[in-house]
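Residue strings, one per chain:
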Amino acid sequence: MATFIHGRVVEVRRDRPGYQQVTLERDGSADPETAFVVTALTGPVAVGDEVLANTTAVDLALGTGGSHVVSVNLTRGAFRTPGGGHIMKLRYTPMQLDTGATEEHLDELGDRLDGCVVVACTLHSQVPLVALGALSVRPEVRIAYVMTDGAALPLAMSELVVTMVDSGLLAAGTVTAGHAFGGTREAVGVPSALALARHDAGADLIVVGMGPGVVGTGHRLGTTALEAAPVLDVTEALGGHGVLAVRASEGDGRDRHRGVSHHSATVLDLVRSSVTVPITPGSRGELEPWSERHRIVEVDGVDGPGLLAKAGMRVTTMGRGPDADRLFFDTAAAAGVVAAGLVGAALVSEEA
């Protein structure tokens, strides 16, 4: 069941396109509480506005960063945001919006990837590391990020993506697929998102992954991380080259995520195509059962934390920084390094 509170905005702490972070005082309490606002769904709020906020995730102590979600601005009343076409996202919910889909506005859009390299991530925190790893060896590579609807739906929720766009890491922009929304381009699903990234945005390398907020139950099949398997399979079906960004950890307290995470192992079980699987020293043996079907590539000397420091970016995974889980950061960056090499081979082949 969902839980809502009535409150008043007493401070707007952050305000950027599509997103606000505010402080609320709820009825009957003077204790400040944090909430975020997805302005495409509610319109912007201001100090003094009365709002309804969904508190369910915080009440359940889930990973929402300790924030409620503003659902309705009671003070402002009606509002209107410009639509992008006739394609709706969040369909048949009270929050449905007409984002449109970029592919509906194009006269032509190729439906083959023509050897384009696609890196599938299972955690949002892998995305900047993959991009930085790739650019460290091929600075000219144009990278696009495709955000799926496996976790947060508004792209504006991601501090990492905002930073990546502002710093030029995503030269080919962003595409939001399925019910995710707010990207440079909107797509009906992952297949058309890949086509848009390749042919409309001109990406050499496409990084695919959910936004913040992976869901997992502990059961090997009960996680949104497994969306990486169909992403990799559709990549091959469309003529691309799939790379799995392995989730690996030396700092996670849960046995199922130490070394190579059971999420990555299950993806390799489920994916039907043959994919490239970059790994850093120490974990290769854990992937040997899959070496007959997939190409396991060990990369040494990758410095994920160093790449982040050079870029001035702060990334954590499940609350852990590089000092607490070096293996995670190096392995994610290794996926980018290997992917860039594959891009380089494709570009040389095209030039020849």
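In case you missed it, the structure is sitting above this.
Report on the accompanying structure. (Residues numbered from 1 in each chain as written. Predicted model: local features only at pLDDT ≥ 70, side-chain atom pairs only at ≥ 80, totals over all residues. Heavy atoms only, no water.)

Another point: the overall build of the protein chain. The helix and strand tally for the protein chain stands at ten helices and 15 strands. Its C-alpha atoms give the protein chain a radius of gyration of 21 Å, within 12% of the compact-globule value 20 Å for 352 residues. When burial is assessed residue by residue, the protein chain has 53% of its 352 residues classed as buried. Carbon and sulfur atoms provide 52% of the accessible area of the protein chain, an area that totals close to 15,300 Å². For the protein chain, the centre of its 27 positive side-chain charges and the centre of its 41 negative side-chain charges are spaced 2 Å apart. (Helix = DSSP H or I, 4+ residues; strand = E, 2+ residues; numbered from the N terminus. Rg over C-alpha atoms; globule rule 2.2 N^0.38 Å. Buried < 20%, exposed > 50% of the residue type's maximum accessible area, 1.4 Å probe, protein only. Areas by Shrake-Rupley, 256 points an atom, 1.4 Å probe, with all protein chains shown as cover. Lys, Arg positive; Asp, Glu negative; His and termini not counted. Charge placed at Lys NZ, Arg CZ, Asp CG, Glu CD.)

Turning our eyes to something else, we now look at the nonpolar core. Generally speaking, nonpolar side chains in soluble globular proteins are found buried as a group. Counting residues in each nonpolar core, the largest one holds 45 residues, and the members touching the most others are Val119, Ile143 and Leu205. Going through the elements one at a time, strand E6 (117–120), helix H3 (126–137), strand E7 (143–148), helix H4 (159–167), strand E10 (205–210), helix H9 (304–311) and helix H10 (326–351) are the ones with two or more residues in this core. For this core, the element with the highest residue contribution is H10, accounting for twelve residues. Excluding anything up to four places from it in sequence, Val119 contacts Val130, Leu205, Ile206, Val207, Val208, Val243, Ala245, Ala335 and Ala339. (Core = buried A, V, L, I, M, F, W, Y, C linked by side-chain atoms within 4.5 Å. Contact = heavy atoms within 4.5 Å.)

The computed volume of the second largest pocket comes to approximately 550 Å³. In terms of lining residues, the second largest pocket is bounded by 28 residues, among which Gly18, Phe181, Gly182, Gly183 and Glu186 are the most central. Sort the elements by how many residues they give to the lining of the second largest pocket and H4 lands first, with four residues. When the residues that make up the lining of the second largest pocket are grouped by side-chain class, the tally is twelve nonpolar, eleven polar and five charged. (1 Å grid on protein atoms, 1.4 Å probe; cavity = no way out; pocket = protein on both sides within 12 Å on 5 of 7 lines; lining within 4 Å. Points joined across faces, edges and corners; volume = space filled by probe spheres on them. Nonpolar A, V, L, I, M, F, W, Y, C, P; charged D, E, K, R; others polar.)

What follows deals with unusual backbone geometry. Notably, Leu90 is not glycine yet its phi reads approximately 55 degrees, a positive angle. Here Leu90 is to be found in the loop between strand E5 (68–73) and E6. The phi dihedral of Asp114 is positive, around 55 degrees, even though this residue is not glycine. By the element assignment, Asp114 lies in the loop between E5 and E6.

Glancing now at the pairing of strand E4 (residues 50–54). Alternating positions in E4 separate cleanly, Val51 and Ala53 being buried on one face and Glu50, Leu52 and Asn54 remaining unburied on the opposite face. Pairing geometry for strand E1 (residues 4–16) and E4, over five bridges, is antiparallel. Note that in E4 the partner of Ile5 across the bridge is Ala53. One ladder, built from four bridges, connects E4 with E5; its direction is antiparallel. Opposite Leu52, over in E5, you have Val72 as the bridge partner. (Pairing = 2+ DSSP bridges.)

The next subject is the pairing of strand E3 (residues 32–38). By the criterion of burial, E3 is predominantly enclosed, with six of the seven residues buried. Here strand E2 (residues 19–26) runs beside E3; their pairing, made up of seven bridges, is antiparallel. Bridge pairing in E3 links Val22 to Ala35. In sequence, E2 turns back onto E3 through a hairpin of five residues, with Gly28 there showing a positive phi of about 80 degrees.

Attention now goes to the sheet that holds E5. With mixed pairing, five strands are arranged side by side around a closed barrel as E1-E2-E3-E5-E4. On average, each strand axis in the sheet is inclined to that of its neighbour by 55 degrees, with strand direction left out of account. In this structure, E3 lies alongside E5, joined through two bridges in parallel fashion. The residue bridging Phe36 from the neighbouring strand is Val69, located in E5. (Axes fitted to C-alpha atoms, helices over the stretch in contact; angles between N-to-C directions.)

For helix H5 (residues 190–200), the tally of buried residues reaches eight of eleven residues, placing the bulk of the element in the interior. Of all the residues in H5, the buried ones are Val190, Ser192, Ala193, Leu194, Ala195, Leu196, Ala197 and Arg198. Immediately beyond the C-terminal end of H5, within one or two residues, lies Gly202, with a positive phi of roughly 70 degrees.

Enumeration over the complete set of coordinates arrives at two aromatic pairs. Taken together, a centroid distance of 6.3 Å and an interplanar angle of 20 degrees make the contact between Tyr19 and Phe36 stacked. Highlighted residues: Tyr19 in strand E2 and Phe36 in strand E3, separated in sequence by 17 residues. A ring pair is formed by Phe328 and Phe329, whose centres lie 5.3 Å apart and whose planes are at 80 degrees; its orientation type is edge-to-face. Neither residue differs from the other here; Phe328 and Phe329 are each classed as buried. Here the basic side chain of Arg16 rests over the ring of Tyr19, its NZ or CZ set 4.2 Å away from the ring centre. (Phe/Tyr/Trp six-rings, centres within 6.5 Å; stacked < 30°, edge-to-face > 60°. Lys NZ or Arg CZ within 6 Å of the ring centre and 35° of its normal.)

Next up on the list: H3. For H3, spanning twelve residues, the distance from its first C-alpha to its last is 17 Å, which sits close to the expected 16 Å at 1.5 Å a residue. Summarising burial for H3: ten of the twelve residues are buried, a large majority. Buried within H3 are the following residues: Gln126, Val127, Pro128, Leu129, Val130, Ala131, Leu132, Gly133, Ala134 and Leu135. (Expected span 1.5 Å × (residues − 1).)

So, about the pattern of salt bridges. The final tally for this structure, using the stated rule, is twelve salt bridges. Put simply, Asp325 and Arg320 hold a salt bridge, and the shortest N to O gap is 3.0 Å. The same class applies to Asp325 as to Arg320, namely buried. Where salt bridges share partners, they join Arg14, Arg16 and Glu159 into one cluster. (Salt bridge = Lys/Arg side-chain N within 4 Å of Asp/Glu carboxyl O.)

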